[in-house]
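# Observations on the three-dimensional arrangement
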2 protein chains.
Amino acid sequence: MKEDLKLDTDAFLPLRDVVFNTLRDSILKGELEPGERLMEIHLANKLGVSRTPIREAIRMLEQEGLAVTIPRKGAQVAKMTEKDLQDVLEIRDALDELAVLNACKNMTEDYISQLRSSMVAFKNAADRGNVRDIVEADEQFHNVIYKAADNPKLMVIIQNLKEQMYRYRYEYVKDNANYAQILQEHAEIIAGLEKGDGEYVKEIMHAHLENQVEAVRDVIRGQEGSAK
Amino acid sequence: MKEDLKLDTDAFLPLRDVVFNTLRDSILKGELEPGERLMEIHLANKLGVSRTPIREAIRMLEQEGLAVTIPRKGAQVAKMTEKDLQDVLEIRDALDELAVLNACKNMTEDYISQLRSSMVAFKNAADRGNVRDIVEADEQFHNVIYKAADNPKLMVIIQNLKEQMYRYRYEYVKDNANYAQILQEHAEIIAGLEKGDGEYVKEIMHAHLENQVEAVRDVIRGQEGSAK
DNA sequence: TAATAAAGTATTGTATGGAATCGTTTTGTG
DNA sequence: CACAAAACGATTCCATACAATACTTTATTA
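In what follows, the accompanying structure is described. Fair warning: this is a prediction, and the values are worked out from it, not measured in the lab. (Residues numbered from 1 in each chain as written. Chains lettered and ligands numbered in written order. Predicted model: local features only at pLDDT ≥ 70, side-chain atom pairs only at ≥ 80, totals over all residues. Heavy atoms only, no water.)

### Re the overall build of chain A
Let me state the cut-off plainly: Strands here mean DSSP runs of E at least two residues long; helices mean DSSP runs of H or I at least four residues long; both are numbered from the N terminus. As a reference, a globule follows 2.2 Å times the number of residues to the power 0.38, and the radius of gyration itself is taken over C-alpha atoms. Per-residue accessibility, obtained with a 1.4 Å probe over protein chains only, is compared with the maximum for each type, and a residue is labelled buried under 20%, exposed over 50%, and partly exposed between these values. Residue contacts are defined here by distance: any two heavy atoms, one from each residue, within 4.5 Å place the two residues in contact. What sets the accessible areas is the Shrake-Rupley method with a 1.4 Å probe; for residues, cover comes only from the shown protein chains. Charged residues are defined here as Lys and Arg on the positive side and Asp and Glu on the negative side; His and the ends of the chain fall outside this count. A single reference atom marks each charge: NZ on Lys, CZ on Arg, CG on Asp, CD on Glu.
Looking only at helices and strands, chain A has ten helices and three strands in total. Ordered by position from N to C terminus, the α and β elements of chain A give α-β-α-α-β-β-α-α-α-α-α-α-α. Taking 228 residues into account, the globule formula puts the C-alpha radius of gyration at 17 Å, and chain A, at 19 Å, falls close to it. If one aligns the C-alpha atoms of chain A with their principal axes, the spans along those axes are about 55 × 45 × 35 Å. Taken across its 228 residues, chain A has 50% of its residues classed as buried. Taking as baseline every contact in chain A between residues at least 6 positions apart, the subset at least 24 positions apart corresponds to 72%. Approximately 11100 Å² of chain A is accessible, and the part contributed by carbon and sulfur atoms is 50%. Put simply, chain A has 31 plus and 41 minus side-chain charges, and the middle of one group is 7 Å from the middle of the other.

Below is the structure:
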């Protein structure tokens, strides 16, 4: 385990939530590695709290799919095979189609301009070559669409699916040295949304995700080949 | 609250899991009503356990979307508006499309025969007019498809979505006095799966769900009209 | 020596007590 | 009487102690 987890004792949130957020972030960042055991006393000491909130946080991680627990043997960070990843991506594809179709129906001037500014942010970040900002801007773009889809449950599910492939979020922009294509696709999506052409926008979205799928797949392949 | 929740202390499962299952079932059956508070000591006494496993079970229900908790004010059974229901159905529609398309790719003789026997069970139940068995058989039919889709994560999500509309599961067969249509659609789905005609089977599936949507919608409308 | 039993340690599971917080009722004051 | 303040009760939240279980190491026996 990568030393010092620290609570960003943000708040007046219940400790369990703070612990939950902390552990989730650690898992997503890879500080807690897949397969690593989540031992209560250990974590409790590291975070300076008792076992109780740790246990509750673990129950939450469990339901989120980020941890797996075997009764009386404890929890560990969930592992993911390539098949798992592919399954997740498949679902995301289906749900992103739904999201963009709904977004298309609900499109407003305001959303369009939000999408445009996300594109600008993307372009700026790409010009500066700042991968972190690029990913951020891309997320923002898609989040506008999710919001426009006006289906909170859908948003939660997609968010959760994204979480499960969070580790690979940089890879697909890293590999796509030319961001031109992504930008192009974003532009096309906006155009489609403006025209209200669901079918068109749906197709673009599929193609758009397909790139990501490819990139992630390559990374995994590499990992599974090298790692034991 | 409808008196005596009882633990079906099935097992050597951790108490939290037994409690979780018990509470979930109670919520799904409507014994714990939407909006009803889930108070720790209260439940602990009723189930004859301490507060600890209750709390952990509540954290799990929370992540499942069956309970909502406000920090320091406790948890309550999640309420659902018509909009929520519609959102859920929309997602199910998208995911059932994915499931049936994948099932189509993976179809085998064995699955086909499982589907056929589910249909027979459905027909028998329908002839006897046993609503409970009808629903059971219908579930079985669709579960075969989910299994054939070979995507465990998809299955979990769909299962969760179904949970959220569990209360209404009887309504749509109750309303559809003529089960002939359902049977007809099931038959068409099987035919499509045998031919491996994804597009066709996809369309049937959408239509098939649409009936359910209508029935559920009617029920909700009635409720929201009457109830406060 | 190999296999098995026994003892000891580490870790999870459950119960319980005390502190903090939220609501409600009661009291006090203009 | 109206309204603020204070006291009380209920409930969540967290910590901790004890019990049960799983794992590891040591000891015992064939």
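### With respect to the protein's contact with DNA strand C
Condition: Distances are taken per atom, and a residue is near a molecule or strand as soon as one of its heavy atoms is within 4 Å of it. Here a polar contact is recorded for every N or O atom pair within 3.5 Å, except that within protein the pair must consist of a potential hydrogen donor and a potential acceptor, and residues adjacent in sequence are included only if both atoms are side-chain atoms. Here the nonpolar group is Ala, Val, Leu, Ile, Met, Phe, Trp, Tyr, Cys and Pro; Asp, Glu, Lys and Arg are the charged ones; every other residue, Gly included, is treated as polar.
Around DNA strand C, 20 residues are found, and the nearest of them are Arg 51 of chain A together with Leu 15, Ser 50, Arg 51 and Thr 52 of chain B. A breakdown of the atoms of DNA strand C within 4 Å of the protein gives sugar and phosphate a share of 61%. Between Arg 51 of chain B and DNA strand C, the recorded distance is 2.3 Å, taken from a side-chain N or O atom to a base oxygen. Contact between DNA strand C and Thr 52 of chain B: a base nitrogen at 2.6 Å from a side-chain N or O atom of the residue. Mapped onto the surface near DNA strand C, the elements with two or more residues apiece are strand E1 (37-38) and helix H3 (51-64) of chain A together with helix H1 (15-29) and helix H3 (51-64) of chain B. Broken down by element, the surface near DNA strand C gets its largest block of residues, three residues, from H3 of chain B. When the residues that make up the surface near DNA strand C are grouped by side-chain class, the tally is seven nonpolar, three polar and ten charged.

### Some thoughts on the protein's contact with DNA strand D
What surrounds DNA strand D is a group of 20 residues, the closest being Leu 15, Ser 50, Thr 52 and Lys 73 of chain A together with Arg 51 of chain B. For DNA strand D, a base nitrogen lies 2.6 Å from a polar atom in the side chain of Thr 52 of chain A. Between a phosphate oxygen of DNA strand D and a main-chain N or O atom of Arg 72 of chain B, the distance comes to 2.8 Å. Elements that contribute at least two residues to the surface near DNA strand D include exactly helix H1 (15-29) and H3 of chain A together with strand E1 (37-38) and H3 of chain B. Looking at which element gives the most residues to the surface near DNA strand D, the answer is H3 of chain A, with three residues.

### Focus: the packing of helix H5 (residues 109-128) of chain A against helix H6 (residues 131-149) of chain A
All names here are of chain A. The condition that has to hold: Note on geometry: axes are lines fitted to C-alpha atoms, helical ones only across the stretch in contact, with angles between N-to-C directions running from 0 to 180 degrees. Should an angle lie under 35 degrees it is considered roughly parallel, over 145 roughly antiparallel, and from 65 to 115 roughly perpendicular; all remaining angles are considered oblique. Put simply, a crossing is left-handed when the front helix is turned counterclockwise from the back one by less than a right angle, and right-handed when it is turned clockwise.
Running from N to C, H5 and H6 cross one another at 170°; their axes reach a closest spacing of 8 Å. Comparing the axis directions of H5 and H6 gives the class roughly antiparallel. Of the two elements, H5 crosses H6, and the hand of that crossing is left-handed. For the pair H5 and H6, contact is made by Tyr 111, Gln 114, Leu 115, Ser 118, Met 119, Ala 121, Phe 122, Ala 125, Ala 126 and Arg 128 and by Asp 133, Ile 134, Ala 137, Asp 138, Gln 140, Phe 141, Val 144, Ile 145, Lys 147 and Ala 148, respectively. Looking at the contact of H5 with H6, its residues break down into 13 nonpolar, three polar and four charged.

### Details of the nonpolar core
Note the cut-off: Buried residues of nine kinds, namely Ala, Val, Leu, Ile, Met, Phe, Trp, Tyr and Cys, make up a nonpolar core once their side-chain atoms join them within 4.5 Å.
Membership of the largest hydrophobic core comes to 42 residues, with the highest contact counts inside it found for Leu 85, Ile 91 and Leu 95 of chain A together with Leu 85, Ile 91, Leu 95 and Leu 154 of chain B. Listing elements by their share of this core, those giving two or more residues are helix H4 (82-105), H6, helix H7 (152-164) and helix H10 (198-226) of chain A together with helix H4 (82-105), helix H6 (131-149), helix H7 (152-164) and helix H10 (198-226) of chain B. Not counting the four nearest positions on each side in its chain, Leu 154 of chain B is found in contact with Ile 91 of chain A together with Leu 95, Leu 98, Ala 99 and Ala 149 of chain B.

### Let's talk about the relation of the copies chain A and chain B
Rules: Only residues with pLDDT of at least 70 in both copies contribute their C-alpha atoms to the least-squares superposition of the copies.
Mapping chain A onto chain B is achieved by rotating through 180° and translating by 0.0 Å along the same axis, at an RMSD of 0.1 Å. Each copy turns onto its partner about a two-fold axis. Comparing interface residues between copies, 100% of those in chain A also lie at the interface in chain B; the contact surface is shared.

### Focus on the side chain of Gln 212 of chain A
All names here are of chain A. Positionally, Gln 212 belongs in helix H10. A relative accessible area of 12% means that Gln 212 is categorised as buried. The residues contacting Gln 212, other than those within four sequence positions of it, are Arg 92, Met 165 and Tyr 172.

### Some words on the packing of aromatic side chains
All names here are of chain A. Under the convention used in this document: The aromatic pairing rule takes the rings of Phe, Tyr and Trp, using the six-membered ring of Trp, and pairs them if the centres are within 6.5 Å, calling planes under 30 degrees apart stacked, those over 60 edge-to-face and the rest tilted. Charges are assigned to positions over rings by a cutoff of 6 Å between ring centre and Lys NZ or Arg CZ, combined with an angular limit of 35 degrees from the ring normal.
Summed over all chains, the structure comprises two aromatic pairs over all chains. Ring geometry for Phe 122 versus Tyr 179: centroids 6.4 Å apart, planes at 80°, classification edge-to-face. Residue Phe 122 is found in helix H5, and its partner Tyr 179 is found in the loop between helix H8 (171-175) and helix H9 (180-195); the two are separated by 57 residues along the sequence. The class for Tyr 179 is buried, based on a relative accessible area of 17%. Here Lys 195 stacks its cationic end above the ring of Tyr 200, 5.4 Å away from the centre of that ring.

### Focus on the interface of chain A and chain B
Put simply, the rule is: Buried area adds together the accessible area that both of two parts lose upon being put together, with accessible area traced by a 1.4 Å probe. Here, a salt bridge means any side-chain nitrogen of Lys or Arg that lies within 4 Å of a carboxyl oxygen of Asp or Glu.
On the chain B side, the residues contacting the 34 residues of chain A number 35 residues. Of the roughly 2800 Å² buried at the junction of chain A and chain B (both faces included), carbon and sulfur atoms supply 54%. The three residues of chain A that bury the most area against chain B are Arg 59, Gln 63 and Lys 153 of chain A, which together make up 21% of that side's buried surface. Residues Asp 150 of chain B and Lys 83 of chain A are paired through a salt bridge, measuring 3.9 Å at the closest nitrogen-oxygen approach. On inspection of chain A and its partner chain B, the count reaches 16 residue pairs in polar contact (both at pLDDT 80 or more). Contributions of two or more residues to the side of chain A that touches chain B are made by H1, H3, H4 and H7 of chain A. Within the side of chain A that touches chain B, the residues separate by chemical class into 16 nonpolar, five polar and 13 charged.

### With respect to the sheet that holds E1 of chain B
Whenever strands of a sheet pair, they do so through backbone hydrogen bonds, lying parallel or antiparallel. All names here are of chain B. We apply this condition: A pair of strands counts as paired when DSSP detects no fewer than two bridges linking them.
Spatially, three strands are ordered E1-E3-E2 in an open sheet, and the strand pairing comes out antiparallel. On the outer flanks of this sheet lie E1 and strand E2 (67-70), each paired with one strand and no other. Across four bridges, the pairing between E2 and strand E3 (residues 74-77) is antiparallel. The residue bridging Val 68 from the neighbouring strand is Gln 76, located in E3.

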